[in-house]
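# Working through the structure, step by step
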Amino acid sequence: LGPGERLLIEASAIRVDRWWRPELCLESTPPGPEAVRAALSQAVSTRLRADAPLACQLSGGLDSAAVAALAVEAGARPPAFTVAFDTPPWDERAQAAETAVALGLPHHVLELEEADLAEGFAETVTQGEGLMALDRWIALILLGMCLAYGYAAYFTMAGGMAPFMKRNPIWP
């Protein structure tokens, strides 16, 4: 199936249906880098105003690194939490560790094996009503890890393109 498609199996037919298409909300002139940076900086600063200790999710990607860097720029030093995998293409722990060191953040890693993902996959998809639920499952693992370390919540850039779409495909 392609992105945004689902397989419908009915008594009379089997068909593929497109249930979602991204609708970009770009103005006639896209915002420049300064406007995007200002919006992200404001979003991070707003989330740092918490009455409980916060942590941040850190993968090896640009979006989580940007959120962590903006938190540091705003004067915070949130500990970073990373989920690491035993499958090389999916394991971003080295990149996340490098970012944490560069930003001066304490870094905690939770290692998951392929079997751990397989074990929870069917229930996650069932409970989450779709494949995007895997993101939610990893988010819940990270939240549980943060709670175990004494942090009330964490912030992330999950669904990094969400600010540019009318509907967020990961967190409806």
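Residues numbered from 1 in each chain as written. Predicted model: local features only at pLDDT ≥ 70, side-chain atom pairs only at ≥ 80, totals over all residues. Heavy atoms only, no water.

## Examining the nonpolar core
Core analysis: the biggest nonpolar cluster contains nine residues, these being Cys 56, Leu 58, Ala 68, Val 72, Ala 80, Ala 96, Ala 100, Leu 103 and Leu 105. Going through the elements one at a time, α2 (62-73) and α3 (93-103) are the ones with two or more residues in this core. Per-element accounting of this core gives the leading share, three residues, to α3. In this view, Leu 105 contacts Cys 56, Ala 68, Val 72, Arg 77, Pro 78 and Ala 100; residues no more than four positions away in its chain are not counted. Core analysis: the next-biggest nonpolar cluster, separate from the first, contains five residues, Val 44, Val 67, Ala 71 and Ala 76 among them. (Core = buried A, V, L, I, M, F, W, Y, C linked by side-chain atoms within 4.5 Å. Buried < 20%, exposed > 50% of the residue type's maximum accessible area, 1.4 Å probe, protein only. Helix = DSSP H or I, 4+ residues; strand = E, 2+ residues; numbered from the N terminus. Contact = heavy atoms within 4.5 Å.)

## Thoughts on a negative patch on the surface
Residues Asp 86, Glu 113, Glu 114, Asp 116 and Glu 119 make up a contiguous surface patch of negative charge. Within the secondary structure layout, Glu 114 lies in helix α4 (residues 114-128). (Patch = residues over 30% accessible without salt bridge, like charges linked within 9 Å, V, L, I, M, F, W, Y side chains within 5 Å. Areas by Shrake-Rupley, 256 points an atom, 1.4 Å probe, with all protein chains shown as cover. Salt bridge = Lys/Arg side-chain N within 4 Å of Asp/Glu carboxyl O. Lys, Arg positive; Asp, Glu negative; His and termini not counted. Charge placed at Lys NZ, Arg CZ, Asp CG, Glu CD.)

## Quick notes on the pairing of strand β1 (residues 5-9)
Across five bridges, β1 lies against strand β2 (residues 14-18) in antiparallel orientation. Of the residues in β2, the one forming a bridge with Glu 5 is Arg 18. Between β1 and β2, which pair antiparallel one after the other, the connecting turn spans four residues. (Pairing = 2+ DSSP bridges.)

## What to know about α2
The terminal C-alpha atoms of α2, which comprises 12 residues, lie 16 Å apart, in line with the 16 Å expected from a rise of 1.5 Å per residue. For α2, the full list of buried residues reads Ser 64, Ala 65, Val 67, Ala 68, Leu 70, Ala 71 and Val 72. Just downstream of α2 lies Gly 75, where phi reads positive at about 100°. (Expected span 1.5 Å × (residues − 1).)

## A look at a nonpolar patch on the surface
The grouping of Leu 1, Leu 7, Ile 9, Ile 14 and Val 16 at the surface amounts to a nonpolar patch, some 560 Å² of accessible area in total. At the level of elements, β1 and β2 are the ones that each hand at least two residues to the nonpolar patch. Its relative accessible area of 63% is what places Ile 9 among the exposed residues.

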